[in-house]
Amino acid sequence: MEILTDQLKKRQTENQFSGSIVVKQGDSVQLQESFGYANRTDAVLNEKHTRFGIASGCKLFTAVAIAQLVEAGKLRFDSLLKEILDTSFPHFHEGITVHHLLTHTSGIPDYFDEEIMDDFEELWISTPMYHIRRLHDFLPFFQSEKQRFIPGEKFYYNNAGYIVLGLIVEKLTGMLFIDYVQRNIMDKAGMCNSGYFALDALPTKTAIGYIDHEDGTWKTNMYSIPIQGGSDGGGFVTADDMVLFWEALIQDKLLNDKAILMTPHIQEESNSYYGYGIWIEKKENQIHKYHVMGYDPGVSFHSAYYPHNNVIVAICSNKSKGAYAMMLELEKSF
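These lines cover the structure that appears in this document, whether it is placed above or below. (Residues numbered from 1 in each chain as written. Predicted model: local features only at pLDDT ≥ 70, side-chain atom pairs only at ≥ 80, totals over all residues. Heavy atoms only, no water.)

### Regarding the overall build of the protein
Part 1 of the argument: A tally of helices and strands in the protein yields eight helices and 14 strands.
Part 2 of the argument: Against the 2.2 N^0.38 benchmark of 20 Å for 334 residues, the protein shows a C-alpha radius of gyration of 19 Å, consistent with a compact globule.
Part 3 of the argument: Looking at the protein as a whole, 56% of its 334 residues are labelled buried.
Part 4 of the argument: Considering only residue pairs separated by 6 or more positions, the protein has 66% of its internal contacts joining residues 24 or more positions apart.
Part 5 of the argument: A total accessible area of about 14,800 Å² is found for the protein, and carbon and sulfur atoms account for 48% of it.
Part 6 of the argument: Side-chain charges of the protein comprise 29 positive and 43 negative groups, with the mean position of each set lying 3 Å from the other. (Helix = DSSP H or I, 4+ residues; strand = E, 2+ residues; numbered from the N terminus. Rg over C-alpha atoms; globule rule 2.2 N^0.38 Å. Buried < 20%, exposed > 50% of the residue type's maximum accessible area, 1.4 Å probe, protein only. Contact = heavy atoms within 4.5 Å. Areas by Shrake-Rupley, 256 points an atom, 1.4 Å probe, with all protein chains shown as cover. Lys, Arg positive; Asp, Glu negative; His and termini not counted. Charge placed at Lys NZ, Arg CZ, Asp CG, Glu CD.)

This is the structure we're talking about:
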């Protein structure tokens, strides 16, 4: 592992990676490293207990929440959206199911369409990001837009679909989505340092997200992302807590039957599939890894479980890129 650590530090120097990394195999932590600053202004270093935003990495939490409600008999994966929510979606297809929303095959319009917008910050020109604190605050961005394609026709990565899933959780439980996840997922997994924190009320040991410019200047992501995360992303975890999440999922502490969640439901690329809230990569027709990722301005995140050698990796960064490069370096040793 000393050689691997040297390789990681070399790669960190090349891309100026800022964040924390944990590699655990079975019961043994093989690697734990932190780099860069959680707060550049005050020169506060990232360390083991630093909390990081993980953007869309949170979609797996949403999928687990939905699966828990299915196991509780409050919902079915083939339940129709129109039969669950009374929210007005005038142009949505009547055949949209929970399964379609979970697998990004619903065909509903997204609130951030990469084919139309290049920059996530464009969303906040007409509606300031500090107004986006609850799931229903996202509805004006997409609820009256037209359906993109017939449900089940194809894969189209869609944040709005996960906002809708979060609204379903709130409707069926009577709880705020973030409170449900805290109580039924994070607390059960022992993720005591994680949560959906508001950017204007961050707890101690939380890394500030940084956006670097080509001229060497930088800014924080305070005005670049929603002020509070939800069912499509935006939660905060420590790298250690993300490992605890994987262990709780694998050991059936969160679901009685995780198989439906970790089943390849749709093929996205040649060896890349999507389950419920989780990416699945195959090699030689065998599952090589289950993984999640998240990117926002000032956030990059990758985390994976490799079943063939029982390895869990969590890579959290408070910069817009860098986590993937570190993941590739780590995977050379697996």
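Having seen the structure, we can now continue with the description.
### Structural notes on helix H6 (residues 177–189)
Part 1 of the argument: Taking 1.5 Å of rise per residue, 13 residues should cover 18 Å, and H6 covers 17 Å from first to last C-alpha, within 8% of that figure.
Part 2 of the argument: When H6 is considered as a whole, its buried residues turn out to be Phe177, Ile178, Tyr180, Val181, Asn184, Ile185, Met186 and Ala189.
Part 3 of the argument: Once H6 ends, the next one or two residues include Gly190, with phi positive near 80°. (Expected span 1.5 Å × (residues − 1).)

### Remarks on the pairing of strand E2 (residues 28–35)
Part 1 of the argument: By the bridge criterion, seven bridges tie strand E1 (residues 19–25) to E2 in an arrangement that is antiparallel. For Ile21, the partnering residue across the bridge sits in E2 and is Glu33.
Part 2 of the argument: Count of turn residues in the E1/E2 antiparallel hairpin: two residues, of which Gly26 carries a positive phi of about 60°. (Pairing = 2+ DSSP bridges.)

### What about the state of the cysteines?
Where two cysteines share a covalent bond between their sulfur atoms, that bond is called a disulfide.
Part 1 of the argument: The final tally for this structure, using the stated rule, is zero disulfides.
Part 2 of the argument: Here Cys58 is not disulfide-linked; the sulfur of Cys316 is the nearest cysteine sulfur, at 10 Å. (Disulfide = S-S within 2.5 Å.)

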